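Observations on the three-dimensional arrangement
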Amino acid sequence: MFSSLPPLLADATNSPLFQAAVIIVATFILEDAATILTAMEVQSGPVAMPLALGALYVGIVVGDLGLYGLGRLAALWPPARRWVNLPSGHDGQRWFARNVFRIVFISRFIPGARLPLYTACGFFHASIARFAAAAVMATLIWTTLLFVVSLRVGQFLIDHLGEWKWLGMAGFALTILLVGRIVASVRSPSR
């Protein structure tokens, strides 16, 4: 999918609606890679920046709401409720209701945290309005930052690598993913 994203976006130059649809679908597969590749396409010219950012924001927030929805559906399925073991006296629903904004906002910046935490928000009936507000705010911040950095790196790669820019961008995307995984796996030192 991602190797075909740049040609799809370039071929759809005369169809902004198709470009937006391609970007939105790409965010459902891998958000950060879609953001990086879309920034490269903006830098190369076939995609307008407002369309790119708008499609990225929509795709990512819709994906986040989808994860929340999966959690809500799982809560309706009796076997799924049996799989969740909470310590006695712990009220998951009240805890998620109190902390939904913090959970959503922080997990946007921790690789691998969104799937379990966003579905848990849905499972424990956290406020959908607060969840959506946090998802929108965190997406605006994170995606904009990653997009701007990708534009800068993309321009450098275009200037210095020419036709090899995609290899450089693949390396940049891989670096972002690996750094995120390393950061997520680092644990605080034992006391």
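Scroll up to find the structure this text is about.
Right, let's walk through the structure included here. (Residues numbered from 1 in each chain as written. Predicted model: local features only at pLDDT ≥ 70, side-chain atom pairs only at ≥ 80, totals over all residues. Heavy atoms only, no water.)

**A few points about the packing of helix α2 (residues 16-29) against helix α4 (residues 49-75)**
Where α2 meets α4, the axes come as close as 8 Å, and the angle between the chain directions of the two elements is 40 degrees. Judged by the angle between their axes, α2 and α4 are oblique. The handedness of the crossing between α2 and α4 comes out as right-handed. Here α2 contributes Pro16, Gln19, Ala20, Ile23, Ile24, Thr27 and Phe28 to the contact with α4, which in turn contributes Leu51, Ala52, Ala55, Leu56, Val58, Gly59, Ile60, Val62 and Gly63. Classifying every residue of the contact of α2 with α4 by side-chain character gives twelve nonpolar, four polar and no charged. (Axes fitted to C-alpha atoms, helices over the stretch in contact; angles between N-to-C directions. Helix = DSSP H or I, 4+ residues; strand = E, 2+ residues; numbered from the N terminus. Parallel < 35°, antiparallel > 145°, perpendicular 65-115°, else oblique. Left-handed = near helix turned anticlockwise from the far one by under 90°. Contact = heavy atoms within 4.5 Å. Nonpolar A, V, L, I, M, F, W, Y, C, P; charged D, E, K, R; others polar.)

**Comments concerning the pattern of salt bridges**
On inspection of all chains with the given rule, the structure shows three salt bridges. Residue Arg108 pairs with Glu31 through a salt bridge whose shortest N-O separation is 2.6 Å. A residue pair is termed long-range when its members are at least 10 positions apart, and Arg108 in the loop between α6 (92-107) and α7 (114-123) and Glu31 in helix α3 (residues 31-44) qualify at 77 residues. Taking the relative accessible area as the measure of exposure, Arg108 reaches 2% and is therefore buried. Judged by relative accessible area, Glu31 falls into the buried class, the value being 12%. Through salt bridges with shared partners, one network takes in Glu31, Asp64, Arg108 and Arg114. (Salt bridge = Lys/Arg side-chain N within 4 Å of Asp/Glu carboxyl O. Buried < 20%, exposed > 50% of the residue type's maximum accessible area, 1.4 Å probe, protein only.)

**A look at the packing of α4 against α7**
Two elements in contact, α4 and α7, have axes separated by 6 Å at closest approach and are oriented at 55 degrees. The angle between the axes of α4 and α7 places the two elements in the oblique class. Along this stretch, α4 crosses α7, giving a crossing that reads as right-handed. When α4 is examined against α7, the residues Asp64, Leu67, Tyr68, Leu70, Gly71, Arg72, Ala74 and Ala75 are found in contact with a partner set consisting of Arg114, Leu115, Tyr118, Thr119, Cys121, Gly122 and Phe123. Split into classes, the residues belonging to the contact of α4 with α7 amount to nine nonpolar, three polar and three charged.

**A closer look at the packing of aromatic side chains**
Each aromatic ring pair is characterised by the separation of its centres together with the angle its planes make. Enumeration over the complete set of coordinates arrives at eight aromatic pairs. Judged by centre distance (5.0 Å) and plane angle (10 degrees), the rings of Phe96 and Phe124 are stacked. Residue Phe96 is found in helix α6, and its partner Phe124 is found in the loop between α7 and α8 (128-161); the two are separated by 28 residues along the sequence. The pair Phe96 / Phe124 is uniform in exposure class, with both members buried. Here the aromatic rings of Tyr118 and Phe131 are separated by 5.2 Å at their centres, their planes lie at 85 degrees, and the arrangement is edge-to-face. One end of the pair, Tyr118, is in helix α7; the other, Phe131, is in helix α8, and 13 residues separate them in sequence. Among the aromatic residues, those joined into a cluster by ring pairs are Trp95, Phe96, Phe123 and Phe124. (Phe/Tyr/Trp six-rings, centres within 6.5 Å; stacked < 30°, edge-to-face > 60°.)

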